[in-house]
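Coordinate inspection notes
The primary structure of each chain is shown beneath.
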Amino acid sequence: MTSAGHSPLARKLSAFVTLSEAELAVLERLHQRRRTFVAGRDLVHQGQSAQAAYILSVGWVCSYKLQTDGARQIVDFQVPGDFLGLRSVLLRTSDHSFEPVVDIEAAEVLESDLLDAFAHTPRLATAILWAASRDEAMVVEHLVGIGRRDAQARMAHFLLELGSRLALVGIGSKEGFDCPLTQYHLADTLGLSAVHVNRILRQLRESGLVTFRDGHVTFHDHRGLVSLADFDPAYLDQTGPLLK
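Residues numbered from 1 in each chain as written. Predicted model: local features only at pLDDT ≥ 70, side-chain atom pairs only at ≥ 80, totals over all residues. Heavy atoms only, no water.

Inspection of every chain in the model, using the stated rule, returns 10 salt bridges. With a closest N to O distance of 2.7 Å, Arg123 and Glu23 form a salt bridge. Within this pair, whereas Arg123 is found in helix H5 (residues 122-148), its partner Glu23 is found in helix H2 (residues 21-30), the two being separated by 100 residues in sequence. Asp76 serves as the salt-bridge partner of Arg165, at 3.3 Å between the closest nitrogen and oxygen. Of this pair, Arg165 sits in helix H6 (residues 151-168) while Asp76 is found in strand S4 (residues 72-78), placing the two residues 89 residues apart along the sequence. In this pair, the class of Arg165 matches that of Asp76, namely buried. Within the structure, one salt-bridge network assembled from shared partners comprises Lys12, Asp76, Asp82 and Arg165. (Salt bridge = Lys/Arg side-chain N within 4 Å of Asp/Glu carboxyl O. Helix = DSSP H or I, 4+ residues; strand = E, 2+ residues; numbered from the N terminus. Buried < 20%, exposed > 50% of the residue type's maximum accessible area, 1.4 Å probe, protein only.)

Structure below.
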């Protein structure tokens, strides 16, 4: 892992606040308990209590809920720079599970560490609140997507959002990004069947908009995809720091 000053989380939070040396030092301490986790084994499971949070540095994680019949709804994907389980620390019990999509590296953050950081660096605490608020805004967009967007627009919006999130931490662009997700991941996220996901991706590819193949998303016509999805990235709030 890189130092916290150059970490994905520092890059992400810098979209909201220009972090001081003292704040970066606190962020470094939050990265002290660095661990690796293998793909496919939950870090946090639904209903778990007395649980730490994690800062994701390398890899992808999916957050999901299981229904009593075993059906899975993926709520979101976490990418480098994201917190895992932050809400479950503050609410005491996790309301959903976190599973690494690939092998990951993450820093474990105990409740006491988090509250101490909040007490001593209120600007950093505000920046983490901004990140949590941004996560909530994304969940709202996902709800709108499942409820009101057609399948093509839903897929396009999701891929554009991922590209924007990854660009913020330096691992994506308007040209595309590496993506380890399967069509089954996309199906469980977008409320579609895997067969329907395959059909939609083919239609988007044949329309010259985007290709998702061999673990990579390539935007051929970024502007056209934005138009199809009616994608407005304002909810991601990535235009520059509000606090200097």
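Next, the rest of the story.
Here the focus is the packing of aromatic side chains. Ring pairs (aromatic) are described by centroid distance and by the angle formed between their planes. Summed over the entire model, instances satisfying the criterion amount to five aromatic pairs. Ring geometry for Phe37 against Tyr54: centres 5.4 Å apart, planes inclined by 85°, an arrangement best described as edge-to-face. Taken together, the residues span a long stretch of sequence, with Phe37 in strand S1 (residues 33-37) and Tyr54 in strand S2 (residues 53-58) at a distance of 17 residues. For the pair Phe37 and Tyr54, one class covers both residues: buried. Cation over ring: Arg72 sits above Tyr64, and NZ or CZ is 5.9 Å from the ring centre. (Phe/Tyr/Trp six-rings, centres within 6.5 Å; stacked < 30°, edge-to-face > 60°. Lys NZ or Arg CZ within 6 Å of the ring centre and 35° of its normal.)

Mapped onto the present numbering, the UniProt feature "domain: HTH crp-type" (unreviewed entry) falls on residues 149-223. Taken end to end, residues 149-223 is 55% helix and 15% strand, and its two terminal C-alpha atoms sit 18 Å from one another. (UniProt positions renumbered as here; feature names shortened; annotations may be inferred.)

A word on the nonpolar core. Among the nonpolar cores identified, the biggest contains 37 residues, and Trp60, Met155 and Leu181 are the most heavily contacted of them. Looking at this core, the elements with two or more residues in it are strand S3 (61-66), S4, H6, helix H7 (183-190), helix H8 (194-206), strand S9 (210-213), strand S10 (216-219) and helix H9 (222-229). The biggest single contributor to this core is H6, with eight residues. Residues lining this core come from more than one domain, with at least three contributed by each of domain 1 (8-131) and domain 2 (136-236). Not counting residues within four places of it along the chain, the set of residues in contact with Met155 comprises Leu186, Leu190, Val197, Ile200, Leu201 and Leu204. Ala15, Val17, Leu19 and Ile128 belong to the second-largest nonpolar core, a separate cluster that totals 24 residues. (Core = buried A, V, L, I, M, F, W, Y, C linked by side-chain atoms within 4.5 Å. Domains from an automatic or database assignment. Contact = heavy atoms within 4.5 Å.)

Strand pairing within a sheet occurs via backbone hydrogen bonds; the two strands may be parallel or antiparallel. The antiparallel open sheet is built from three strands, whose spatial order is S8-S10-S9. Across the chains shown, the open sheet's two edge strands, defined by having one partner strand only, are strand S8 (176-178) and S9. Each adjacent strand pair in this sheet contributes to an overall mean axis angle of 5°, direction not counted. Bridging between S9 and S10 involves four bridges; their strand directions are antiparallel. (Pairing = 2+ DSSP bridges. Axes fitted to C-alpha atoms, helices over the stretch in contact; angles between N-to-C directions.)

Phi at Asp230 takes a positive value of approximately 55°, unusual for a residue other than glycine. Positive phi, close to 55°, is recorded for Asp237, a residue that is not glycine. Counting through the fold element by element, Asp237 comes out in the segment after H9.

Here the focus is the environment of Ser112. By the element assignment, Ser112 lies in helix H4 (residues 111-120). With relative accessibility at 48%, the residue Ser112 sits in the partly exposed group. Separated by 26 residues in the primary sequence, Ser112 and Met138 place their C-alpha atoms 28 Å from one another.

Attention now moves to the domain arrangement of the chain. You can read the domains of the chain as domain 1 (8-131) and domain 2 (136-236). For domain 1 versus domain 2, the separation of C-alpha centres amounts to 23 Å. With 18 residues of domain 1 in contact, the opposing surface of domain 2 contributes 22 residues. Approximately 1,700 Å² of surface area, both sides summed, lies buried where domain 1 meets domain 2, with 63% of it carried by carbon and sulfur atoms. Applying the counting rule to domain 1 against domain 2 returns three salt bridges. In this structure, the salt-bridge partner of Asp188 is Arg72, at a minimum N-O distance of 2.8 Å. The interface formed by domain 1 and domain 2 includes eight residue pairs in polar contact (both at pLDDT 80 or more). Those elements that place two or more of their residues in the side of domain 1 that touches domain 2 are helix H1 (8-13) and S4. Ranked by residue count, the leading element in the side of domain 1 that touches domain 2 is S4, at seven residues. (Buried area = accessible area lost by both parts, 1.4 Å probe. Polar contact = N/O pair within 3.5 Å; in protein donor to acceptor, adjacent residues only side chain to side chain.)

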